[in-house]
Amino acid sequence: MRRTACDSAALSAHAIAAAQPSAVPRVLVVDDTPANVALLERLLRREGYAVVTAADGHEALAKVRTDSPDLVISDVLMPGCDGFQLCRALKSEPETRLLPIVLVTSLSGADERIRGIDAGADDFIAKPFDPHELRARVRSLLRLKRYTDELDSAEAVILSLALTIEARDRFTQGHCLRLSQLGAALGGRLGLGVEDIQTLERGGILHDIGKVGIPDAILLKPERLTAEEFAIIKTHTIIGDRLCSELSLLRHVRSIVRHHHERLDGTGYPDGLRGREVPLLAQIIGIIDVYDALTSARPYKSALPRDRALEELAREVEKGWRDPTLVREFAALSVEKDCDAR
Ligand SMILES: [Fe+2]
Ligand SMILES: [Fe+2]
């Protein structure tokens, strides 16, 4: 099926993610009739909200990118991209699917409501507006938006905690960010969906978060670890999994955090999973984790050049530890990246 410009509108994830929740809630009003826009704008401004406006769905998608509103109130029938298409476009993008949308329907609009529910609308307001009803709906949807923003910032705290933990060890600087970027790039190359790619992005940063529970004396020990110390290091997978289980929005990364040290022949840790039991996203991060460790210097070893590190990964495939296709695709990606960097 051909995607229309209105469908996904290529919303820039980063532009939206970078936008901070505003102190004064901002409402985007979408209507092709200027008098309706003016009426809603007046009502909303009187309530103390900031208002941005758009004349159709296309303009609305652009305003979502540039103004990051907290709520969208949209007319249904508009030329070009209508209210249903706008709903679908916003609800299909991970960055905007939690942005509440109210559709303005005519009083007898049962059909419109059913189509609106299908398109993902959060609420409906019938024309002509009852200002009290409008105020109450806007207030409750903005409250909902604030909760989701708070969840977002809880995630931001966890992500920065992960980077702080990484900063304890000067020899692993940049490791998590590299895993995040390469993980997302490999996911894209493998044709994974947006959610999986986002999970790889987060999982790269969070995979070693359990190291928060490992004593410095072991984590930062410059010499090789004893068997006992290595057993303690291994528990970072279980500690990290437990930490992530506390926050429901991190549920997707848990498999990466717990299983990025598993091997396909069952000799990895912590659960000794075999073959397909090892989650795909954990396999991806696991491969990049090994590659990054090989190509980084440590107090007890120097960094390997890319080709040598890839040979080492190929040997891990021969031993039955890694999936050959994933390693092959990663090798191709790292060669491409290296060429781009030159
Ligand atoms: Fe790890
Ligand atoms: Fe790691």
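Residues numbered from 1 in each chain as written. Chains lettered and ligands numbered in written order. Predicted model: local features only at pLDDT ≥ 70, side-chain atom pairs only at ≥ 80, totals over all residues.

Ala 162, Leu 206, Ile 284, Ile 285, Ile 287, Ile 288 and Leu 313 are the most contacted members of the largest nonpolar core, which has 34 residues in total. Mapped onto this core, the elements with two or more residues apiece are helix H6 (131-167), helix H7 (175-189), helix H8 (194-206), helix H11 (236-245), helix H12 (254-259), helix H13 (280-294), helix H14 (306-318) and helix H15 (324-341). For this core, the element with the highest residue contribution is H13, accounting for eight residues. Once residues within four sequence positions are removed from consideration, Ile 288 is found in contact with Leu 179, Leu 182, Gly 183, Leu 186 and Phe 330. Ranked by size, the runner-up nonpolar core spans 30 residues in total, among them Val 27, Tyr 49, Cys 87 and Leu 90. (Core = buried A, V, L, I, M, F, W, Y, C linked by C-beta atoms within 7 Å. Buried ≥ 20, exposed ≤ 12 C-beta atoms within 10 Å, placed from the backbone. Helix = DSSP H or I, 4+ residues; strand = E, 2+ residues; numbered from the N terminus. Contact = placed C-beta atoms within 7 Å.)

Right, let's talk about the packing of helix H4 (residues 83-91) against helix H5 (residues 110-119) for a bit. Close contact between H4 and H5 brings their axes to 8 Å; oriented N to C, the two are set at 20 degrees. Of the possible angle classes, the one that applies to H4 and H5 is roughly parallel. Between H4 and H5 the crossing geometry is right-handed. For the pair formed by H4 and H5, the contact residues are Phe 84, Cys 87 and Arg 88 on the first element and Arg 115, Gly 116 and Ala 119 on the second. Split by residue class, the contact of H4 with H5 holds three nonpolar, one polar and two charged. (Axes fitted to C-alpha atoms, helices over the stretch in contact; angles between N-to-C directions. Parallel < 35°, antiparallel > 145°, perpendicular 65-115°, else oblique. Left-handed = near helix turned anticlockwise from the far one by under 90°. Nonpolar A, V, L, I, M, F, W, Y, C, P; charged D, E, K, R; others polar.)

Our next topic: the domain arrangement of the chain. Under the domain assignment used here, the chain contains domain 1 (13-150) and domain 2 (168-341). Between the C-alpha centres of domain 1 and domain 2 the distance comes to 41 Å. (Domains from an automatic or database assignment.)

A word on the environment of Glu 223. By secondary structure assignment, the location of Glu 223 is in the loop between helix H9 (216-219) and helix H10 (227-234). C-alpha separation for the pair Glu 223 and Tyr 300, spaced 77 residues apart in sequence, amounts to 6.3 Å.

Next up on the list: unusual backbone geometry. Put simply, Lys 127 and Pro 128 share a cis peptide bond, and its omega is -10 degrees. By the element assignment, Pro 128 lies in the loop between strand S5 (123-127) and H6. Positioned with a positive phi, Ser 68 is a non-glycine residue whose angle comes to about 30 degrees. Along the chain, Ser 68 turns up in the loop between helix H3 (57-67) and strand S3 (71-75). In this structure Ser 68 comes out as buried when scored by C-beta crowding, with 21 C-beta atoms within 10 Å.

Spanning 37 residues, H6 covers 53 Å between terminal C-alpha atoms, matching the ideal 54 Å at 1.5 Å per step. Listed as buried for H6 are Arg 137, Val 138, Leu 141, Ile 158, Ala 162 and Ile 165. Elements in contact with the buried residues of H6: strand S1 (26-30), S3, strand S4 (101-106), S5, H7 and H8. (Expected span 1.5 Å × (residues − 1).)

If you trace the five strands from one edge of the open sheet to the other, you get S2-S1-S3-S4-S5, paired in parallel fashion. Sheet topology places strand S2 (50-54) and S5 at the edges, where each strand pairs with a single neighbour. Ignoring which end each strand starts from, the neighbouring axes of this sheet average 25 degrees apart. As paired strands, S1 and S3 are joined by four bridges and run parallel to one another. By the bridge assignment, Val 27 is partnered in S3 with Leu 71. Strands S1, S2 and S3 of the sheet are contacted by helix H2 (residues 34-46), whose axis makes an angle of about 165 degrees with S2. (Pairing = 2+ DSSP bridges.)

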